[in-house]
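Each chain, letter by letter, is given below.
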Amino acid sequence: MADENNTQAGQAMTPDSLNSARQASAATPPTQTAPQAAQKPQADQQTQADQQTQADQQAQADQQAQANQQAQADQQPQANQQAQAPSAQQPAPEAAAAVKATPAESTDDAKPATGQAVKPKEDSASASEKKAKIDENLQILKNSIIAANIPQLVMILISYALDLRTSDIHIEPLQNHVRLRYRIDGVLRLIVEYPSNLHPAVVSRIKIMSNLKIDEQRVPQDGRADVTTKDGREMDLRVSTLPTVNGEKIVMRLQDKSRKIPDLPDLGLRGVSLRNLEDALASPNGILINTGPTGSGKTTTLYSCLARKNTVGINILTIEDPVEIQIDGLNQSQVHHDIEYDFARGMRAALRQDPDVIMVGEIRDKETGNTAIEAAL
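Since we're looking at a predicted model, the values are computed, not measured.

**Remarks on the side chain of Glu216**
Turning to step 1, where the next piece is worked out: Here Glu216 shows up in the loop between helix H7 (199-209) and strand S4 (221-228).
Turning to step 2, where the next piece is worked out: Using a relative accessible area of 17% as the deciding quantity, one classes Glu216 as buried.
Turning to step 3, where the next piece is worked out: From its side chain, Glu216 meets the backbone nitrogen of Arg218 in a polar contact 3.1 Å long.
Turning to step 4, where the next piece is worked out: When near neighbours in sequence (up to four residues on either side) are disregarded, Glu216 contacts Lys207, Gln221 and Glu248.

Right under this line is the structure:
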């Protein structure tokens, strides 16, 4: 065996063998060197590191997706709760749809401001019905003028005046037409105008209601009537006629008997004025004189004062012309000038009735003024 190895070694060293070896060596790729062999494990490690990084990133992405899904799942119940219980500033679509379905309701009532009480829906509905009724009465009034229906014309102008809280009705004949005006909140406002040929019939109708002489057109007349409208409202009507160059002018003072007497703060009294009036009412003696133009609320203010003093232990008497509002607990007397029962005579009689409080509707003469001042001392 040793000889064979030596022989093969010797053969390898021959020139032909050397050339063959060189050619084989040129044809065969060189064997990897030590540095190349070392780079291959590093490449494997880099590949494994990249794969690990991708795996970590995929895991983070999966975790983020799960977190987003969980957040969406948590937010969904909150959104449902907000939809079921809408905030005061922005109602839910269901609430808005419910408001829209009711014509009498206003969408503004569905958005109350923070800290404010929600206005009842019945109030807005009643206001809409009241406005519709006022517009309807005005249209009926115009239709009555066109149709020359005098009884309906007179009744509807009174009902329409009550709807507008009118204190006085002015029917004024002019040169070419007749003007109808209402005094509302102390200001005269034009309502309608109608032809002059209807005026004599209107005047006659009002005179019949007030028990006045329909054939007397040369002198002024005063009368009164109790009227009940179609909707059941009772009122006291004071009528005054005045002859003019164009015909008789009529002024009617309205007093709604169905309305309640407001308290002093409801009349607009505030601060020092209210305190001074309350102190005067609490005094055991003295006098309160209330003055102002027609329709300014003098009688209503005095009634509000009497309502505070109206108790079992106080005797209250009133001398009025006429008695505008009847109040339980008050002894109210109406003067009659035709039988010489005037304010002065009523004051003298009231002082003999052991009074605690006396209200005089008018002080127009010296005797009534002197009697009132002497009684207050």
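Moving on from the coordinates now.
**What about the pattern of salt bridges?**
Turning to step 1, where the next piece is worked out: Tallied over the full model, the rule gives 11 salt bridges.
Turning to step 2, where the next piece is worked out: Its salt-bridge partner being Asp263, residue Arg308 comes within 3.1 Å of it at the nearest N-O pair. Here Asp263 lies in the loop between strand S6 (247-256) and helix H8 (271-282) and Arg308 lies in helix H9 (residues 298-309), a separation of 45 residues in the sequence.
Turning to step 3, where the next piece is worked out: Judged by relative accessible area, which is 34%, Arg308 ranks as partly exposed.
Turning to step 4, where the next piece is worked out: For Asp263, a relative accessible area of 33% corresponds to the partly exposed category.
Turning to step 5, where the next piece is worked out: For Arg364, the salt bridge goes to Glu362, with nearest N and O atoms at 2.5 Å.
Turning to step 6, where the next piece is worked out: One connected set of salt bridges, linked through shared partners, spans Glu172, Arg179, Arg181 and Lys249.

**Quick notes on the nonpolar core**
Turning to step 1, where the next piece is worked out: In this structure, Leu157, Ile169, Ile171 and Met252 are the most contacted members of the largest nonpolar core, which totals 33 residues.
Turning to step 2, where the next piece is worked out: Looking at this core, the element that brings in the most residues is helix H6 (residues 150-163), giving 9 residues.
Turning to step 3, where the next piece is worked out: In contact with Leu157, not counting residues within four places along its chain, are Leu141, Ile169, Leu180, Tyr182 and Met252.
Turning to step 4, where the next piece is worked out: Membership of the second largest hydrophobic core comes to 9 residues, among which are Phe343, Met347, Val360 and Ala372.

**Details of the packing of aromatic side chains**
Turning to step 1, where the next piece is worked out: A complete count under the given rule lists 1 aromatic pair for this structure.
Turning to step 2, where the next piece is worked out: Consider the rings of Tyr160 and Tyr182, whose centres lie 5.9 Å apart with planes at 50 degrees: the pair is tilted. Within this pair, whereas Tyr160 is found in helix H6, its partner Tyr182 is found in strand S2 (residues 177-184), the two being separated by 22 residues in sequence. Across the pair, Tyr182 and Tyr160 agree in class, each one buried.

What counts and how
- Residues numbered from 1 in each chain as written.
- Predicted model: local features only at pLDDT ≥ 70, side-chain atom pairs only at ≥ 80, totals over all residues.
- Heavy atoms only, no water.
- Helix = DSSP H or I, 4+ residues; strand = E, 2+ residues; numbered from the N terminus.
- Buried < 20%, exposed > 50% of the residue type's maximum accessible area, 1.4 Å probe, protein only.
- Polar contact = N/O pair within 3.5 Å; in protein donor to acceptor, adjacent residues only side chain to side chain.
- Contact = heavy atoms within 4.5 Å.
- Salt bridge = Lys/Arg side-chain N within 4 Å of Asp/Glu carboxyl O.
- Core = buried A, V, L, I, M, F, W, Y, C linked by side-chain atoms within 4.5 Å.
- Phe/Tyr/Trp six-rings, centres within 6.5 Å; stacked < 30°, edge-to-face > 60°.

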